[in-house]
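Structure at a glance
Residues per chain, in single letters:
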Amino acid sequence: MFRTALRNVLAHKARLLMTVLAVMLGVAFVSGTLVFTDTLSQAFRNQSAKSYDDVAVAVEMHPNPEAGQAPGLSRKDVDEVAGLDGVASVTPRVGGFAGVPDKNGKLIGVGWSNKGTNFAPGKDGKDRAYAFVSGSGPVRADQIALDRASADKGGYKVGDTVRVATNGPVKEYTLSGVFTTEDGAVNAGGSLVLFETAVAQKLYLKPGYFQELTVTATSGAQADKLLDEVVKVIPKEATAQTGQALADRQAKDIEAGLGALNQVLLGFAGIALFVGVFLIANTFTMLVAQRTKELALMRAVGASRKQITRSVLAEAGLVGLVASAVGLGLGVGLAVALRSAMNAFDLKIPAGGLVVGPTPVVSAFAVGVLITMLAAWLPGRRAAKIPPVAAMNSVHATASTKSLVLRNSIGAALTALGVVLIVLGAGKGGDDGRMLIAGGAFLTLIGVIVLIPMLSRPVIALIRPLFVGLFGISGKLAGLNAVRNPRRTGATASALAIGLTLVTGLSVIGATVGSAIDKMTVDQIKADYMVVMASGDSLGEEAITALAKAPGVTAVSPQQAGALEIKGDYVSASGVTPGDIEKVLNLHVVHGSLASLKEGRIAVADKTAEKRGLKVGDTVPVEYLDKAKGKLTVGAIYEESEFVSPVMIDRKLINAHEQQPYTREVYVAMDGGASDANAKALSKAMGDNPGITVMDHKDIRDAFGGPINMLLNIVYGLLGMALIIAVLGVVNTLAMSVFERQQEIGMLRAIGLDRRRVKRMVRLEAVVISVFGAVVGIGLGAFLGWALGETFKASLPGYALVLPWERIGLFLVLAGLVGVLASLWPARSAAKLNMLAAIKAE
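Residues numbered from 1 in each chain as written. Predicted model: local features only at pLDDT ≥ 70, side-chain atom pairs only at ≥ 80, totals over all residues. Heavy atoms only, no water.

1. What about the overall build of the chain?
Scanning the chain from terminus to terminus reveals 26 helices and 23 strands. As displayed, the chain has an accessible area near 37,500 Å², and 60% of this comes from carbon and sulfur atoms. (Helix = DSSP H or I, 4+ residues; strand = E, 2+ residues; numbered from the N terminus. Areas by Shrake-Rupley, 256 points an atom, 1.4 Å probe, with all protein chains shown as cover.)

Put into structure tokens, the structure is as follows:
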């Protein structure tokens, strides 16, 4: 039986090639993902270990100044650690955001990965963390050093004047040196600026204080014992750990960070394999149908049902082995390509070889072989059930009424249960509702896939008149042929249906959320601009003052983060500018007036006021973050807004109790509204600071909708994967259809259907099948999009369901193109059939 399986595989190489391609794509993504993440993980682990190779103990201190704690580690702390037995050296660090512009004034890198720190030379005048390729470290207040990648991007060389943006005003420094480093921020595509220590302390903390220390040990000193001694002399607010423990922690953080990327790439693989199952099952169903006489003869000469099933599974196993081997090779190539792509986007990966461990290899073959054999099991089981005499007298077997009734009953039950769960989840809302929807979506998708052969007749009957009207007899024959074998048509259409369910669902959510964000920004933001730090850090007071003095500015109000303890609970508060906040945000006041903020009163959001039993005129005791106590009177109640905290207060009042005010954004209104001239005026007022972003309404909408758009782009990639496999499936189905209908095609040719119309008939059949799958997927996806939207509409003001008709139309067009592309070879084969030979074919 094994020799028979091998012979059958070799005899149907072209047909099985489609299956190999489908399995190969899934396996390539599985193995490629595992190789890529293993390579990244190992590279970053090596970098982390190298960074802390000679670090015996690391000390960190990030205190809360509001609690009266020291701002950091003092010089005295550094000296005490340096004086301990077994300590060879102590390197103190302090750092924060520092951005450098390129020659066009644009920030090099992204805000979160642009860092600045101090140059900390040892007794030899060198800082062991940085290797200088030209010049030297900064030793004067007007000097900086810059990492080599950033210097190259900005076109800087030693001696040049460099503008550096921090949380304060932009300042100019002389470039004293260029260095290389294994710093993670630089490897992520950011920049690293080294300042003279006193300058860095003034910029980021307080003169004389540091945020962290790295301690190296003398020969023979043990890190654990040294750690015990260090803990005794550092402030109690500081934390200390060995260099090995720090490297291990960073390694775990790296693995956690790579987890999201791993899940996304494995999602691609999962979709490819899930969709590929239908192609594999369809292929083996067609092969079994082609070989019914052969299988019957084998049964007649003594082969048992188990042997027939094992024969089909052996074929599947051989196909799976070949697909897995090729897929593993492609996966390794994919890992190399992904690594190159990251470098091309300035997301540098530390040096290191490609890691191909046992897990990707075992996973590749296990997934490929098991998926292929699983998908071929049902066709093999059906083949074994064919009675020898009946099979000898028919070219292909038809499904029994009992099997179709059972299939449709199971599909209807699964679909009904899934729909009930989805509706319940939509009504419940929140995370619990989304969990119900996820379970319901899975059941519904499986149920629809089971029911899809039954759905093919009514759905195709709806679209068939369109094809008949446009293409005449070719369109009529295409529609009839598409429903001739509903199981095969359904299995082929499932690939597109699955992909378009995901894509349509998220497109509906994306369009709905985008519309709500548009409405929210238009309805609630009166300001022409929102100004933020690219790094996400706090805007400095100098920037806020500069904005207020910019020409054309009519109102400026920061959104300064703070908190107040009211009636025993802390409530987040926004420090705003009284008199201007009304001009930059459209806040609907329910009771009282926002003008009362000028009198030292507070405004409270309606839901917060209701929860705490507050009303206009109430005087409440409050406690500030510095533990100072006071009393404040409620001057206004306003409708809750996404753009301010539940409590608003004059920023002058809150500043008196905060040593380091944190201002997330500043809203600015200007004469003449948003314009290029006004945007330039604001940038100029802030010294053309590359680290500060001036956002108009469109930029604000893009910022809020960014995560949704990123998710949509990922899902569109999944759609591409589903389309590729769908093309393979349609090619397989049409090829089998042409094979089965050789006599029919010959007769059609004999009675006058020319080659051009034969080609058109096969192409239209492919389009009908593809559009059928698209209609099912789009309908199910729109339903899921509605259900998911219902779960978060309470937290999104202005929510209203939006169906993106343009995208839905594009999806249908793409489905049609899939059909046309997939039909090229089968249509050509059908048109080239010899008329007489086809009529004589069995």
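2. Things to note about the environment of Gly243
Tracing the backbone shows Gly243 in helix 8 (residues 243-290). Taking relative accessible area as the criterion, Gly243 reaches 1% and is therefore assigned buried. Sequence spacing of Gly243 and Val55 is 188 residues, and the spatial spacing of their C-alpha atoms is 5.0 Å. Excluding its chain neighbours within four sequence positions, the residues that come into contact with Gly243 are Tyr52, Val55, Ala56 and Val57. (Buried < 20%, exposed > 50% of the residue type's maximum accessible area, 1.4 Å probe, protein only. Contact = heavy atoms within 4.5 Å.)

3. Digging into the side chain of Thr512
Examined against the element boundaries, Thr512 turns out to sit in helix 16 (residues 486-524). A distance of 2.7 Å separates the side chain of Thr512 from the backbone oxygen of Val508, its partner in a polar contact. Other than its neighbours up to four places away in sequence, Thr512 contacts Tyr799, Ala800, Leu801 and Val802. (Polar contact = N/O pair within 3.5 Å; in protein donor to acceptor, adjacent residues only side chain to side chain.)

4. As for the side chain of Thr309
Locating Thr309 in the fold gives a position in helix 10 (residues 305-344). Look at Thr309 and you get buried, because its relative accessible area is 15%. When near neighbours in sequence (up to four residues on either side) are disregarded, Thr309 contacts Gly380, Arg381 and Ala384.

5. Digging into the packing of aromatic side chains
Counted by the stated rule, this structure contains seven aromatic pairs. Through a chain of ring-to-ring contacts, three or more aromatic side chains come together here, namely Phe119, Tyr130, Phe132 and Phe179. (Phe/Tyr/Trp six-rings, centres within 6.5 Å; stacked < 30°, edge-to-face > 60°.)

6. Description of the nonpolar core
Of all hydrophobic cores here, the largest spans 36 residues; its most connected members are Val57, Val59, Val100, Ile144, Val164, Phe195 and Val230. Other than its neighbours up to four places away in sequence, Val230 contacts Val57, Val59, Val81 and Leu84. Membership of the second largest hydrophobic core comes to 31 residues, among which are Ile517, Leu587, Tyr638 and Val644. (Core = buried A, V, L, I, M, F, W, Y, C linked by side-chain atoms within 4.5 Å.)

7. As for the pattern of salt bridges
Applying the stated criterion across every chain yields a total of 13 salt bridges. Residues Arg651 and Glu541 are paired through a salt bridge, measuring 2.7 Å at the closest nitrogen-oxygen approach. Placement of Arg651 in helix 20 (residues 651-655) and of Glu541 in helix 17 (residues 541-549) is noted, with a sequence separation of 110 residues between them. By relative accessible area, which is 12% here, Arg651 ends up buried. Members of the salt-bridge network, linked through shared partners, are Glu623, Lys627 and Lys629. (Salt bridge = Lys/Arg side-chain N within 4 Å of Asp/Glu carboxyl O.)

8. Quick look at helix 16
A rise of 1.5 Å per residue sets the reference length of helix 16, with its 39 residues, at 57 Å; its end C-alpha atoms lie 53 Å apart and thus fit the reference within 8%. Along helix 16, the sharpest change in direction is near 35° and occurs at Ser494. When you tally the buried positions in helix 16, you get 30 out of 39 residues, the bulk of the element. (Expected span 1.5 Å × (residues − 1). Bend = angle between axes of the 7 residues up to and from the residue.)

9. Structural notes on helix 6 (residues 197-204)
Structurally, the α-helix is built with 3.6 residues per turn, so residues lying three or four positions apart point the same way. Looking only at helix 6, the buried set comprises Thr197, Val199, Ala200, Gln201 and Tyr204. Close packing links the buried residues of helix 6 with strand 4 (95-97), strand 5 (114-119), strand 9 (171-180), strand 10 (191-196) and strand 11 (209-210). The N-cap of helix 6, judged by a side-chain oxygen 3.2 Å from the amide nitrogen of Ala198 a few residues on, is Glu196.

10. As for unusual backbone geometry
With a phi close to 75°, Lys627 is a non-glycine residue in the positive phi region. Here Lys627 shows up in the loop between strand 19 (619-623) and strand 20 (629-638). Lys627 sits in the exposed class, given a relative accessible area of 52%. One non-glycine residue, Asp688, adopts positive backbone phi at about 50°. Considering the arrangement of structural elements, one finds Asp688 in the loop between helix 21 (676-685) and strand 23 (692-695).

11. A closer look at the sheet that holds strand 12 (residues 212-217)
Taken together, the four strands give an open sheet; going across it, the order is 3-12-1-13, and neighbouring strands pair in antiparallel fashion. Either end of the sheet is taken by a strand with one partner, and the two such strands are strand 3 (87-93) and strand 13 (239-242). Each strand axis lies, on average, 15° off the axis of its neighbour in the sheet, ignoring direction. In this sheet, strand 12 lies alongside strand 3 in antiparallel orientation, the contact comprising six bridges. Its bridge partner lying in strand 12, Thr91 is registered against Thr214. Along the sheet, helix 3 (residues 75-82) makes contact with strand 3 and strand 12, crossing strand 3 at roughly 160°. Where helix 7 (residues 223-233) meets the sheet, it contacts strand 1 (57-60), strand 3, strand 12 and strand 13, and its direction lies at approximately 170° from that of strand 13. (Pairing = 2+ DSSP bridges. Axes fitted to C-alpha atoms, helices over the stretch in contact; angles between N-to-C directions.)

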